[in-house]
Amino acid sequence: MASQQPQTLLTLNSSAVSDLKEGINFLRNKEDGKKYIIYKSMDVMRACKNQCKHQGGLFVKDIEDLDERQGHIAHTVRCTKHNWKLNVSTMKYVNPPDSFQQDELVLEPDENGGLQLLELNPPDPWQVDPRTPEELEPGEVLITYMAHACMKLDLGSKTMVFDPWLTGPAFARGWWLLHEPPSDWLETICSADLIYISHMHSDHLSYPTLKKIAEKQPNKPIYVGDTSRPVFWYLDRSGVKLTNINVVPFEIWQEVDANLRFMILMDGIHPEMDTCIIVEYKGHKILNTVDCTRPNGGKLPKNVDVMMSDFAGGASGFPMTFSGGKYTEEWKADFIKTERKKLLNYKAQLVKDLQPKVYCPFAGYFVEAHPSDSYIKETNLKNNPEELNKLITKTSFVRTWTAKPGAILDLARILKDPSDSEAIIDPPAGTKLYKDNWEFDVYVNEINKAISNEIFQHKDWIHFYYNWAGFQDYNLVIRMIETDDDFSPLHSGFDYLVDFLDLSFPNERPARDHSYLEIKNRVGVMRQTVINGLLWDDLYIGFQNRLFRDPDIYHHQ
């Protein structure tokens, strides 16, 4: 295996080294404009890129770090994107607390009193056994958009499908498909040779969709990355009978046939869960970064033939489901507008940096369609894919594609002539593109069956459930309140406190200083979550609760 290769990012001469002050030093490489931070004290010197691990934001001096004003050395910097804070003396993030570690650079002194900032780079895994792109015939590689994050790839004699969510809701009852999938979607998926599922979130790992596939072809080959939180952790309890799930290691080519292979990569921010994929056919690469915040830690192949990624935003309960303090409607609207713009610029910059030949925004086509979520639908504004594509084409030669359900991209044609009218075939005129019927009652009634489960006749379920979950030794107290669909507390519902410091269940909040989180949950979704041991993502990402927190900090743990 090839060893790591050091890359010199910044060189300081002896004069520049002597100019380094105690504490935080912001530096810039004048040749390429890239920025770095060096922390200096009597005992230690550390360095890192001036780039937040979350979404690549720039760090600036943290005005809330008052140490320097008191004659001490400042330790923290603040990200201009989302106010994440990094203690550069330890290279640990302090907001969110107990979360991430910043990647450090190597500081290497030279014999003249200068200093070099080095980064140890392992070789790019996709460069192993490189293949020269071969000429493709029209129709040989076809990419068909199905819905949301689901794409069908016809690659010579093989067919591969990404993330099939094609029926039913996601995140309990909070997300519904915006687009109407092609009417023959089930036959299409069942005829595929293999399926890739990027991660465990239900808009990618859709059990309603997989149930229909399993009823016809339980042995359909499905591939997932070897994440520490297994993608199919819930399979045994789901009742879905799938018998050919393949968990593959990261950064290793998986050979499908002589012409086709794929490689799964992990996310740099959520490596325990999120993945992305490179598919290569006859030397032509298709990169799908899916929902990754920092796919492969920001190291990705350039000039791929096709790149696709999420774009929309809005995949979180924050800030729409929060109340109290600063969370006025005006503040929420301003925050959402600003965040969507930041995401749009981030995605545009990523595409410009990687320079794919074709870019397609996807994995953002969901809608809060249930009538009880009209407030979320009205306030949770999302990015427009056309706006992102215009931003990209304004300053680059990347060809963009805003896909419609059933639309087909012919890779051979678009590579030969991007203006070819037959390179992208839209669905026939009159094709229904947007859903207007989601069968709400079928799915909501199934969820609400949990309300009458006999375990909720006994308050002991609370102790059993939280002890089973096992989260403790954290200074947080939560109040859980069961509500109706309008988040009004139910007279017959449970209302209780959990103190996670010692995993106790007090009748009132403790007298000590502690973080407090008050959560109102729709009773059906909460009880379904308890009975099945599901992730609270269904509640939070699915907009099924309302939250108040004091102090107003994000609890990563």
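Figured I'd write up the structure that's included with this text. The model shown is predicted, which means the values in this text are computed figures rather than measured ones. (Residues numbered from 1 in each chain as written. Predicted model: local features only at pLDDT ≥ 70, side-chain atom pairs only at ≥ 80, totals over all residues. Heavy atoms only, no water.)

### Some points on the side chain of His 514
Applied cut-off: Labels follow the DSSP assignment, with helices taken as runs of H or I lasting at least four residues and strands as runs of E lasting at least two, numbered in each case from the N terminus. Contacts described as polar in this section are N or O atom pairs within 3.5 Å, which, within protein, must combine one atom able to donate a hydrogen with one able to accept it, while residues neighboring in sequence count only if both atoms come from side chains.
Within the secondary structure, His 514 sits in the loop between strand E29 (495-499) and strand E30 (515-522). Within the structure, His 514 has its side chain in polar contact with the side chain of Arg 509 (distance 3.1 Å). Only 2.8 Å separates the side chain of His 514 from the backbone oxygen of Arg 512, close enough to count as a polar contact.

### Focus on the nonpolar core
Here is a general trend for soluble globular proteins: nonpolar side chains tend to be buried in one another's company. Quick note on the threshold: Definition of nonpolar core: a set of buried residues of the types Ala, Val, Leu, Ile, Met, Phe, Trp, Tyr and Cys, connected through side-chain atoms within 4.5 Å. Burial here depends on accessible area, computed with a 1.4 Å probe over protein chains only, as a share of the maximum for the residue type. Under 20% is buried, over 50% is exposed, and the range in between is partly exposed. Here, residues are in contact when the closest pair of their heavy atoms is within 4.5 Å.
With 60 residues, the main nonpolar core has Met 151, Met 160, Val 279 and Trp 401 as its most contacted residues. If sequence neighbours within four positions are ignored, Met 151 has contacts with Ile 143, Thr 144, Tyr 145, Met 160, Val 161, Phe 162, Met 308, Cys 360, Phe 362 and Trp 401.

### Side note on the pairing of strand E10 (residues 115-121)
Threshold: Strand pairing is assigned whenever DSSP detects at least two bridges linking the two strands.
With five of its seven residues buried, E10 lies for the most part within the structure. Sheet topology note: the strand E9 (residues 106-109)/E10 ladder contains four bridges and is antiparallel. Bridging from a neighbouring strand, Leu 107 pairs with Leu 117 of E10. Linking E9 back to E10 in an antiparallel pair, the connection comprises five residues, with Gly 113 at a positive phi of about 85 degrees.

### Considerations on the sheet that holds strand E8 (residues 92-95)
The condition that has to hold: Fitted lines through C-alpha atoms serve as axes, helices being fitted only where they are in contact, and the angles separating the N-to-C directions of these axes extend from 0 to 180 degrees.
Spatially, four strands are ordered E5-E6-E7-E8 in an open sheet, and the strand pairing comes out antiparallel. In this open sheet, the two edge strands, each paired with only one partner strand, are strand E5 (59-61) and E8. On average, adjacent strands in this sheet sit at an angle of 40 degrees to one another, irrespective of strand direction. Relative to strand E7 (residues 85-87), strand E6 (residues 76-79) is paired through three bridges, and the arrangement is antiparallel. Note on E7: the bridge partner recorded for Arg 78 is Lys 85.

### Considering the packing of aromatic side chains
In plain terms, the rule: Stacked, edge-to-face and tilted are the three classes for Phe, Tyr and Trp ring pairs, Trp counted by its six-membered ring, which pair at centre distances within 6.5 Å; planes under 30 degrees apart are stacked, over 60 edge-to-face, the rest tilted. Both a distance and an angle decide whether a charge sits over a ring: NZ of Lys or CZ of Arg must be within 6 Å of the ring centre and within 35 degrees of the ring normal.
For the structure on display, the rule yields 34 aromatic pairs. For the ring pair Phe 318 and Tyr 327, a centre distance of 5.8 Å and an interplane angle of 90 degrees mean the geometry is edge-to-face. Look at Tyr 327 and you get buried, because its relative accessible area is 8%. Summarising the aromatic geometry, the rings of Tyr 327 and Trp 331 are spaced 5.2 Å apart at their centres and angled 85 degrees between planes, so their arrangement reads as edge-to-face. Take Trp 331: its relative accessible area is 24%, and that puts it in the partly exposed class. An aromatic cluster of three or more residues is present, and its members are Phe 456, Trp 461, Tyr 465, Tyr 466, Trp 468, Phe 471, Tyr 474, Phe 494, Tyr 496, Phe 500, Phe 505 and Trp 536. One residue, Lys 382, lies across the ring of Phe 366, its end atom 4.8 Å from the ring centre. One Lys or Arg, Arg 527, reaches over the ring of Phe 456 and ends 4.6 Å from the middle of that ring.

### Some remarks on the packing of helix H5 (residues 329-354) against helix H7 (residues 385-394)
The condition is simple: Orientation is classified from the angle alone, with under 35 degrees giving roughly parallel, over 145 giving roughly antiparallel, 65 to 115 giving roughly perpendicular, and any other angle giving oblique. Note on convention: near helix rotated counterclockwise from far helix by under a right angle means a left-handed crossing. Clockwise means right-handed.
Across the interface, H5 lies against H7 with an axial gap of 9 Å and an inter-helix angle of 45 degrees. Taken together, the axes of H5 and H7 are oblique relative to one another. In terms of crossing hand, the pair formed by H5 and H7 is right-handed. Side by side, H5 and H7 meet where Leu 344, Asn 345, Lys 347, Ala 348, Val 351 and Lys 352 of the first sit next to Glu 387, Leu 388, Leu 391 and Ile 392 of the second.

### Concerning helix H11 (residues 523-532)
With eight of 10 residues buried, H11 is to be regarded as a mostly interior element. Listed as buried for H11 are Val 523, Gly 524, Val 525, Met 526, Arg 527, Gln 528, Thr 529 and Val 530. Buried residues along H11 sit against helix H9 (440-448), helix H10 (460-469), strand E28 (476-483), E29, E30 and helix H12 (537-540). Backbone geometry just downstream of H11 places Gly 533 in the positive-phi region, at approximately 60 degrees.

### Some thoughts on unusual backbone geometry
The omega torsion across Asn 95 and Pro 96 is 5 degrees, close enough to zero to call that bond cis. The linkage connecting Asp 550 with the following residue, Pro 551, adopts the cis geometry, with an omega of 0 degrees. On the secondary structure map, Pro 551 appears in the segment after strand E31 (545-550). Look at Val 290: it is not a glycine, yet its phi comes out positive at around 50 degrees. Phi is positive for Gln 355, which is not a glycine, with a value near 50 degrees. Along the polypeptide, Gln 355 turns up in the loop between H5 and strand E23 (358-361). Judged by relative accessible area, which is 29%, Gln 355 ranks as partly exposed.

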